[in-house]
Structures are given as C-alpha cells and as structure tokens.
Amino acid sequence: VQGLCLLLFCVHIMACLWVALGKYSEENWVHRNGIMNSSAWVQYSLAWSWALTMATSTWANPWMEVPFNERAFGDLALLLGFLIVSCSVSLMASMMTKIAVIANQQSSELNMLNKYLHANKISKRLATRLQRNAQHALKRKAYRMPEVEVRALNLVSESLKKEMHLEMYQPVLTAHPLLKWLNDYDPAAFREICHSAVHDLHASAEDVIFHPVEAPSLPGILFLESGSLLYTRTLAEQHEEEERVLPGEWCCEQF
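Counting starts from 1 at the beginning of each chain's written sequence and moves along it residue by residue. For a predicted model such as this one, the threshold for reporting local features is a pLDDT of at least 70, and the threshold for listing and counting side-chain atom pairs is 80 or more; totals across whole chains, interfaces and linings nevertheless cover every residue. Only hydrogens and water are set aside; all other atoms, that is, all heavy atoms of the structure, feed into the side-chain values.

A. Quick look at the packing of aromatic side chains. Ring pairs are drawn from Phe, Tyr and Trp, using the six-membered ring of Trp, whenever the two centres fall within 6.5 Å, and their geometry is named by plane angle: stacked under 30 degrees, edge-to-face over 60, tilted for the rest. Following the criterion strictly, the structure yields 2 aromatic pairs and no others. Look at Phe223 and Trp250: their rings are 6.4 Å apart centre to centre, the planes differ by 40°, and that puts the pair in the tilted class. On the criterion of sequence distance, the pair formed by Phe223 in strand S1 (residues 222–223) and Trp250 in strand S4 (residues 250–251) is long-range, its members being 27 residues apart. The helix and strand labels rest on DSSP assignments: H or I over at least four residues marks a helix, E over at least two residues marks a strand, and numbering proceeds from the N terminus.

B. Main features of the packing of helix H6 (residues 158–173) against helix H8 (residues 187–196). For helices, the fitted line uses only the C-alpha atoms of the stretch in contact; every axis is such a line through C-alpha atoms, and the angle between N-to-C directions lies from 0 to 180 degrees. As a packed pair, H6 and H8 sit with axes 7 Å apart at the nearest point and diverge in direction by 95°. If you check the angle between H6 and H8, you find them roughly perpendicular. Here Glu158, Lys161, Lys162, His165, Leu166, Tyr169, Gln170 and Leu173 of H6 lie close against H8, whose contacting residues are Phe190, Arg191, Glu192, Ile193, Cys194 and His195. Classification convention: Asp, Glu, Lys, Arg as charged; Ala, Val, Leu, Ile, Met, Phe, Trp, Tyr, Cys, Pro as nonpolar; all other residues, Gly among them, as polar. When grouped by side-chain class, the residues that make up the contact of H6 with H8 number 6 nonpolar, 3 polar and 5 charged. For classification purposes, an angle smaller than 35 degrees is called roughly parallel, one larger than 145 roughly antiparallel, one from 65 to 115 roughly perpendicular, and anything else oblique. Contact between two residues is taken to exist if any of their heavy atoms lie within 4.5 Å; hydrogens are not considered.

C. Structural detail: the environment of Cys10. By the element assignment, Cys10 lies in helix H1 (residues 2–22). Remark: the alpha-carbon pair of Cys10 and Ala51, spanning 41 residues in sequence, is separated by 8.7 Å.

D. Molecular detail of the side chain of His195. Structurally, His195 is set in helix H8. Pairs of N or O atoms are called polar contacts if they sit within 3.5 Å, as long as, within protein, a hydrogen donor faces a hydrogen acceptor (for residues adjacent in sequence, only side-chain-to-side-chain pairs). Among the polar contacts made by the side chain of His195, one reaches the side chain of His165 at a distance of 2.9 Å. Residues contacting His195, with those up to four places away along its chain left out, are Glu158, Lys161, Lys162 and His165.

E. Structural context of the environment of His195. Taking relative accessible area as the criterion, His195 reaches 15% and is therefore assigned buried. A sequence separation of 26 residues divides His195 from Tyr169, and the C-alpha atoms of the two residues are 8.8 Å apart. Partly exposed describes any residue whose relative accessible area lies between the buried limit of under 20% and the exposed limit of over 50%, with all areas from a 1.4 Å probe on protein chains only and scaled to the type maximum.

Next up, the structure:
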C-alpha cells in the first residue's frame, strides 16, 4: 500500500510539472495539441496518462519531434519511474519473503507440537484444543508482539516504561470503581499497579480460565479487553447460574 501511494504521488507531481512545462512556450505539447484553452481537468488528465506511462513503461514519443525541454523532462521522468518500479518490486519481494519466513516458522512450531502430542498419546479432543490454542496464540503474536520479545525496551528507562504501561492499561483498569478512584486520588500508586501488577492473559474458544473453589497462586482480578467469558456459579442445591462477561467488565469472585 505504501509503495502504491508513493507511485501515485510521484505520478501526480510529474503530471502537474508536465502541464506547467506544456504551457511554457508555444512549441510545447499543450499548444501543439490545441488544448491551451481547454479546462485544467482535460490538461491534467492527459498529463496524468503521460506521467503514468513514464512511471511504468518507456519514453514513447519520437526523440526528434519534441522540444529539448520536453525531451529532458521526459528523460528525468523515465529515470524516476524506473527507480519507483525497482523500489516497489524490491519492497514487495522483501515483504513476501518475510511473510513466507513467518509462515514457515509457525508451521514448524505447530508440527513440533503435533509430534509432541502424538508421542505422549494425548487424546484427540484435548489435542485439538491445544492446537487451536496454539494457532490462536500465533495469530495474536503476529499483530501484537509480546513485550518480552521487544529487546529495545530493555534499553528504555524504568520511568518511561511506567508511562507506557499506564497508557496501555489505564483505559481497561479504570472500569473498576476502586481503581478509578485510586487513579484520581493517587496517580503514582495507580501507575505502579499498571507497571508491576498487570500482565496479559490470552485464551481461545472453550478454554477454562478457572474452576470453582480454585485458589490461584497469585490472586488478582480478570479484566476482559476483547471477546467474552461465560461465568458459571454453583448456587444452593446444585443449581448453576450463568452470566456472560463482556469487554470492559471484570470478575474476581473465584478468589
């Protein structure tokens, strides 16, 4: 997309300059083609066609039938078009190679997981859930890289990391009234919570986040950022009540 936008921008600039050059003297192309009194849109459309041809093919006009200034500008436009096309092809090849490498890495990781599950005789139902979860994690990693893999962050000062984590987690955490109050009355403490007490938890469909009467090693609150959760509570006489947790809500009764 960036390469296409650059190409169209350069074609636009060349078209504008070509119109200006065509009006420079009576020997140039605007006067020769009898469109001096035509609308600016007609002149620009013809110049656009010429510029697009120069950016994607070769100099099509006979060399000796045009003035020197048009021929010189045509040579420059041809050179610029050659550079744009070369850079675009190189950029596309680089992107395709990068995509192929990422796809091969993901395929290799999934194949290794399949071999491990088969070697340990994992049931088909559980193996399917494990594979689906791994695929979900790989897709999420492709557009949201984990912080631990960004090595450059190790060079950033701790204070800047705190500000970064504050911007990342503040919109989610302030949905809770207590944390919103803490953010208003003690911003330093809230910033420290965002920096030291928050981590991401990724789950795929049908994953069980926690079981009833489960005591986690690190108690905390679950804030839902995207997707949905189904929270099931066991009431008296083995009666179960289900409630759906939506983005912007939280749950912590399991603690």
